[in-house]
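# Structural description and commentary
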Amino acid sequence: MIEQTLVLIKPDGVKRGLIGELISRFERRGLKIVGLKMVQVDPDFSKKHYSNHIKKDFYKGLEKFITSGPVVAVVIEGIDAVEVVRKIVGDTSPKFAPVGTIRGDFAHISLEYSDKKKKAAENLIHASGNKKEAKQEVSLWFSLDELHSYKISYEEHVM
Ligand code: GDP
Ligand code: MG
């Protein structure tokens with residue numbers, strides 16, 4: 001039930017000065033930050049992280065985007081964290097992401113528009129898509145000694 005999941009603040013989120021704003025959305029929900037670092041992704045690592053997208057038309061633009069500046073990598077822990085974090089993040093296409101979600105509050109582009117521009121959809125944030133992906137991504141991005149165990153005050157009230 002207690003799960004860990006990977007979140008990335010993508011280069012557009014970092015360059016727009018939204019690191020604190022976006023991370024606080026997880027904290028205020030009572031989720032726990034157990035790993036945190038800033039990373040410059042290179043093309044090899046992009047291919048590992050996005051291994052199931054390599055053959056897709058948008059991959060070239062996606063690699064260009066994710067390597068275009070540093071990302072902030074975060075491991076988030078909580079009850080059913082994979083699903084809860086995806087809900088906070090919203091749909092892949094910001095156009096369809098509900099208001100109140102990160103992608104719905106800070107972006108509005110459509111996938112069609114990004115395709116036309118031959119760019120990846122700049123949607124601020126990545127979150128693991130399912131439990132299996134979360135396990136793979138947390139271990140790809142973080143070593144065990146970079147993951148921390150501690151109690152947050154929320155645990156007394158919400159867990
Ligand atoms: P996510 O799990 O919601 O991030 O979406 P995916 O795993 O399907 O795709 C990874 C990332 O590739 C997305 O967050 C977008 O930045 C980009 N992307 C996905 N689908 C498309 C698409 O159809 N067109 C374009 N241009 N970019 C896309
Ligand atoms: Mg995905």
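See the structure above.
Every value quoted in this text rests on a predicted model; they were computed, and no experiment measured them.

Moving on, we get to the site of ligand 1. As a structural note, the neighbourhood of ligand 1 is formed by 15 residues, with His53, Thr92, Asp115, Lys119 and Ala121 the closest of them. Taking Lys10, its side chain carries an N or O atom lying 2.9 Å from an oxygen atom of ligand 1. Within the side chain of Asp115, one N or O atom sits 2.7 Å away from a nitrogen atom of ligand 1. Among the elements that take part in the shell around ligand 1, helix 7 (residues 111-116) stands out by supplying three residues, more than any other. A class-by-class count of the residues in the shell around ligand 1 yields six nonpolar, four polar and five charged.

Here the focus is the pattern of salt bridges. Oppositely charged side chains can form a pair if their charged atoms are brought close together. Going through the model one piece at a time under the given rule, you end up with ten salt bridges. Salt-bridge contacts for Glu146 lead to Lys37; the nearest nitrogen and oxygen are separated by 3.0 Å. Taken together, the positions of Glu146 in the loop between helix 8 (131-141) and helix 9 (154-158) and Lys37 in strand 2 (residues 32-39) put the pair 109 residues apart, joining distant regions of the chain. Between Lys47 and Glu63 there is a salt bridge whose closest N-O contact spans 3.0 Å.

This paragraph deals with the sheet that holds strand 3 (residues 71-79). Overall, antiparallel pairing links the four strands, which are arranged 2-3-1-4 in an open sheet. Single-partner strands in this sheet number two, and they are strand 2 and strand 4 (125-127). Averaged over all neighbouring strand pairs, the angle between strand axes comes to 20 degrees, with direction disregarded. Judged from the eight bridges that link them, strand 1 (residues 2-9) and strand 3 form a sheet pairing that is antiparallel. Looking across to strand 3, one finds that Ile2 is bridged to Ile79. Against the sheet, helix 5 (residues 81-89) makes contact with strand 1, strand 3 and strand 4, and its axis sits at roughly 30 degrees relative to strand 1, the strand it touches most.

Before going further, it helps to spend a moment on the environment of Ser114. Checked against the element boundaries, Ser114 lands in helix 7. Here the alpha-carbon distance between Ser114 and Glu63, two residues 51 residues apart in the chain, equals 14 Å. Once you skip the residues sitting within four places of it in the chain, Ser114 turns out to touch Ile109, Lys119, Ala120 and Ala121.

What follows covers the side chain of Thr101. When you line up the elements, Thr101 lands in the loop between helix 5 and helix 6 (102-106). A polar side-chain atom of Thr101 sits 3.0 Å from the main-chain amide nitrogen of Gly104. Setting aside residues no more than four positions away along its own chain, Thr101 makes contact with Arg25, Lys87, Ile88, Val89 and Gly90.

Quick look at helix 5 now. Those residues of helix 5 lying buried are Ala81, Val82, Val85, Ile88 and Val89. Each buried residue of helix 5 sits inside an arc of 130 degrees when the element is viewed along its axis, so together they form one side. Turning to helix 5, the residues buried within the fold contact strand 1, helix 2 (19-27), strand 3, helix 6, strand 4 and helix 8.

Reading the values: rules and limits
- Residues numbered from 1 in each chain as written.
- Chains lettered and ligands numbered in written order.
- Predicted model: local features only at pLDDT ≥ 70, side-chain atom pairs only at ≥ 80, totals over all residues.
- Heavy atoms only, no water.
- Near = heavy atom within 4 Å.
- Polar contact = N/O pair within 3.5 Å; in protein donor to acceptor, adjacent residues only side chain to side chain.
- Helix = DSSP H or I, 4+ residues; strand = E, 2+ residues; numbered from the N terminus.
- Nonpolar A, V, L, I, M, F, W, Y, C, P; charged D, E, K, R; others polar.
- Salt bridge = Lys/Arg side-chain N within 4 Å of Asp/Glu carboxyl O.
- Pairing = 2+ DSSP bridges.
- Axes fitted to C-alpha atoms, helices over the stretch in contact; angles between N-to-C directions.
- Contact = heavy atoms within 4.5 Å.
- Buried < 20%, exposed > 50% of the residue type's maximum accessible area, 1.4 Å probe, protein only.
- Arc of directions from axis to C-beta.

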